[in-house]
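Secondary and tertiary structure notes
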Amino acid sequence: AVVSTQSGHYGRDTRKVHSVGALALSNRTYSNLSEDGARPSSRATPSLLQPNQNSNGVNNKKTTWNSNEGNVSSDKVIFTESPSTPGIPIVYRLPEDKAVNPDRLNLDRRNLTTCPVIEGEEHVRLLNFQHNSITRIQHLSTLRRLIFLDLYDNEITEISGISSLTSLRVLMLGKNRIGKIENLGTLMKLDVLDLHGNQIRELENLGHLSELRVLNLAGNLLTKACNFVGLNSLTELNLRRNKIQYVGELDQLPKLLRLFLSYNDIRSFDSIRCLGSSPSLQELALDGNPFTSESSYKQIIIDQLLQLRQLDHQKVTEDERRMASIVIRKEEERRRESSKVEVLKERRKVAIQNAEKEWEGTVSGGNTYDNGMAFYSEVDGETLRLYGKGALDIIDKNSFTNSSSITQLYFKFIPYDVIVPYFSRLRVRFPSLQGLMFSFASISSLKQLNALSAVRRLDYLNISPEGNPVTNLSLWKYYILYRLSHFHLRKINDTDISMSDVILAEQLFSPLGETAVSYSDVSVLLSLLPDVRRKQILAYCEAAEQKKQVGIKTPEDRKKMIITAEQKNRPTGMESLHVSSLVYNPTPYTSRPGKGVKSSGSVPGSRSNDTLLATTQILVEEAVSGAICRHQKLVALDRIWENVLKDAVRSALNKFTDLHYTVDNALEHLSNNSI
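What you see is a predicted model; the values in this text were computed from it and never measured.

Parameters at a glance
- Residues numbered from 1 in each chain as written.
- Predicted model: local features only at pLDDT ≥ 70, side-chain atom pairs only at ≥ 80, totals over all residues.
- Heavy atoms only, no water.
- Phe/Tyr/Trp six-rings, centres within 6.5 Å; stacked < 30°, edge-to-face > 60°.
- Buried < 20%, exposed > 50% of the residue type's maximum accessible area, 1.4 Å probe, protein only.
- Helix = DSSP H or I, 4+ residues; strand = E, 2+ residues; numbered from the N terminus.
- Axes fitted to C-alpha atoms, helices over the stretch in contact; angles between N-to-C directions.
- Parallel < 35°, antiparallel > 145°, perpendicular 65-115°, else oblique.
- Contact = heavy atoms within 4.5 Å.
- Expected span 1.5 Å × (residues − 1).
- Bend = angle between axes of the 7 residues up to and from the residue.
- pLDDT = per-residue confidence, 0-100.

1. Let's talk about the packing of aromatic side chains
- Under the definition given, this model contains eleven aromatic pairs.
- With centroids separated by 5.1 Å and ring planes inclined at 85°, the aromatic side chains of Phe 291 and Tyr 297 adopt a geometry described as edge-to-face.
- By relative accessible area, Phe 291 is classed as buried at 2%.
- Taking the centre distance of 5.3 Å and the plane angle of 80° together, the rings of Trp 359 and Phe 440 count as edge-to-face. Of this pair, Trp 359 sits in helix H3 (residues 318-364) while Phe 440 is found in the loop between strand S21 (435-439) and strand S22 (460-463), placing the two residues 81 residues apart along the sequence.
- Residue classification places Trp 359 among the buried residues on the basis of a relative accessible area of 11%.
- For Phe 440, a relative accessible area of 18% translates into the label buried.

See the structure below:
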């Protein structure tokens, strides 16, 4: 008899459960095991039914045994009790009754709480204790020829008392209270083991059962299924209705044909991946698991288990296999793309973290970060985000093709003074630019904001309080409004600009602009003007001189004339000289971009080139500063020269006012010198 744990009965099969001699158990129909652990029949075999039992195996007349005298049941099994062992029933049959079925003994539904002592049944091979209340297996050591032991639906808590049954082939212990698989070491010939409906939490002590073909552990408390090594003959395994989350080692069962894992907690194919390597699995049930709710569940299983013929009680067709192959191929492509995205996300995360570390080192005056990629750039819609100093290279990269669509630049972990030299190129590089955003840019003073005028036009500006101490100053927004008044900014830090804000900014900072102009030389003021505007102003001044409309006597007069000409000829949207005289020249950074390849493809700068550029810039600035200082001294001397001459003449005239006093002093001076 081949026992099936799936269909509700054992079913016919040409294979036989070894040789059972006169029992002739082969080709019988059994109903001992079902997929969910239910027990549809109370009998092991229909042939075991006795004349006084109905087709369901239930006694028509209930039999009890009396401890004081022998009691013959309707199937002629005699129950008695020995005075030496009170409470322990003794079972035997008369010789003529035993001759009818010498190999089988049915003791089901006898209200037994303990296993009775069985006398004179040394040749019995099938023993049935179904539907009793037995709590312990005992008194079976004399049944050396026993092949089939059925203890279904009792109250047994542990496997014991069967070590002497070395010929046992079928052991039925379903629907008991067993918590551990143990004491099966001598049952080397076991063919069927039914432990469904118990309280077993771990698969153990089974590896020696090399002849076991059917194992039923449905309805237990298992959370993982492994430790199957050694079960080389196992063809059917029932693990339904447990709490299994992981299955392993089933690919090491060379003869496994049917596997039932329905109603567990399997959530992905990774939890049962070993099935893909199974050399023989043909039937699989996974219904009732979370994994089956995935849209591609069926295609994944069919594609991975090429030899599978039946899935979830339905036959697998060739069309389903072809469709599964297509679906899985698309899924693999999607997974590869997803993997690439994850790699890029991780690379982005690391690069931004490195950029932050480099920025922190710059702020604290520490060494430049030099441990992997420390910059990153990315396009987010219409925003170009730049992290780390090295990301600024993209501004000059011709490979960046969608620059015309960028309306906003976001700078983070880049010192502001490093960004300033790029301001003059932003408008040409990004013609649609509307706003700038700065976060962790080390903007600490109002004068640094002067450099923003080089951008030439903006609609809004955001300076995050994070890493920008200038935002702690109460008037920083008004200073921006005054310094960038020609921009006509609409928003600062997402706050709308009103006309009253513009007027207040003018009132607060216009004296500062006037002071800056008053202390600036004519040549400095002219250098602040664009070439075209400068030529226009100079031409206007020359024309005014020629017409003698203005008399230029001092440099101050010339400065006033230039300021007046600039005001009269200033185009709309052009900054005034009072505003443009507020400039900022940052100290050059001699740092290099971080190593690595960012998403935009920027190439890091050369250390030698950057150092040479920075050194050259410092020397040029020093030379220009010295020239400006000397020029300012000459201008100052030009201002006071006329008064110095007047004072010298006045002093000489005063000396000759009293001629006698002057002569006496001169003679005295000569006398002293001769001595």
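Moving on from the coordinates now.
2. Things to note about the environment of Leu 126
- You can see Leu 126 is positioned in strand S6 (residues 126-128).
- Look at Leu 126 and you get buried, because its relative accessible area is 0%.
- Sequence spacing of Leu 126 and Arg 104 is 22 residues, and the spatial spacing of their C-alpha atoms is 4.7 Å.

3. Observations regarding the packing of helix H2 (residues 297-304) against H3
- The interhelical angle for the contact between H2 and H3, taken along N-to-C directions, is 105°, at an axis separation of 8 Å. Here H2 is positioned roughly perpendicular relative to H3, judged by the angle of their axes. Residues Lys 298, Gln 299, Ile 300, Ile 302 and Asp 303 of H2 form the contact with H3, whose participating residues are Glu 320, Arg 321, Ala 324, Ser 325, Val 327 and Ile 328.

4. Re helix H7 (residues 499-518)
- Its 20 residues give H7 an end-to-end C-alpha distance of 28 Å, which sits within 8% of 28 Å, the value for a rise of 1.5 Å per residue.
- Largest kink in H7: about 45°, centred on Phe 509, with the proline Pro 511 one to four residues after it.

5. Describing the confidence of the model for the protein
- With 77% of its residues at a pLDDT of 70 or more, the protein shows a mean pLDDT of 78.
- A low-confidence stretch, residues 1-35 stays under pLDDT 50, and its non-local contacts, those more than four residues away or across chains, total 108 contacts.
- A low-confidence stretch, residues 37-69 stays under pLDDT 50, and its non-local contacts, those more than four residues away or across chains, total 86 contacts.

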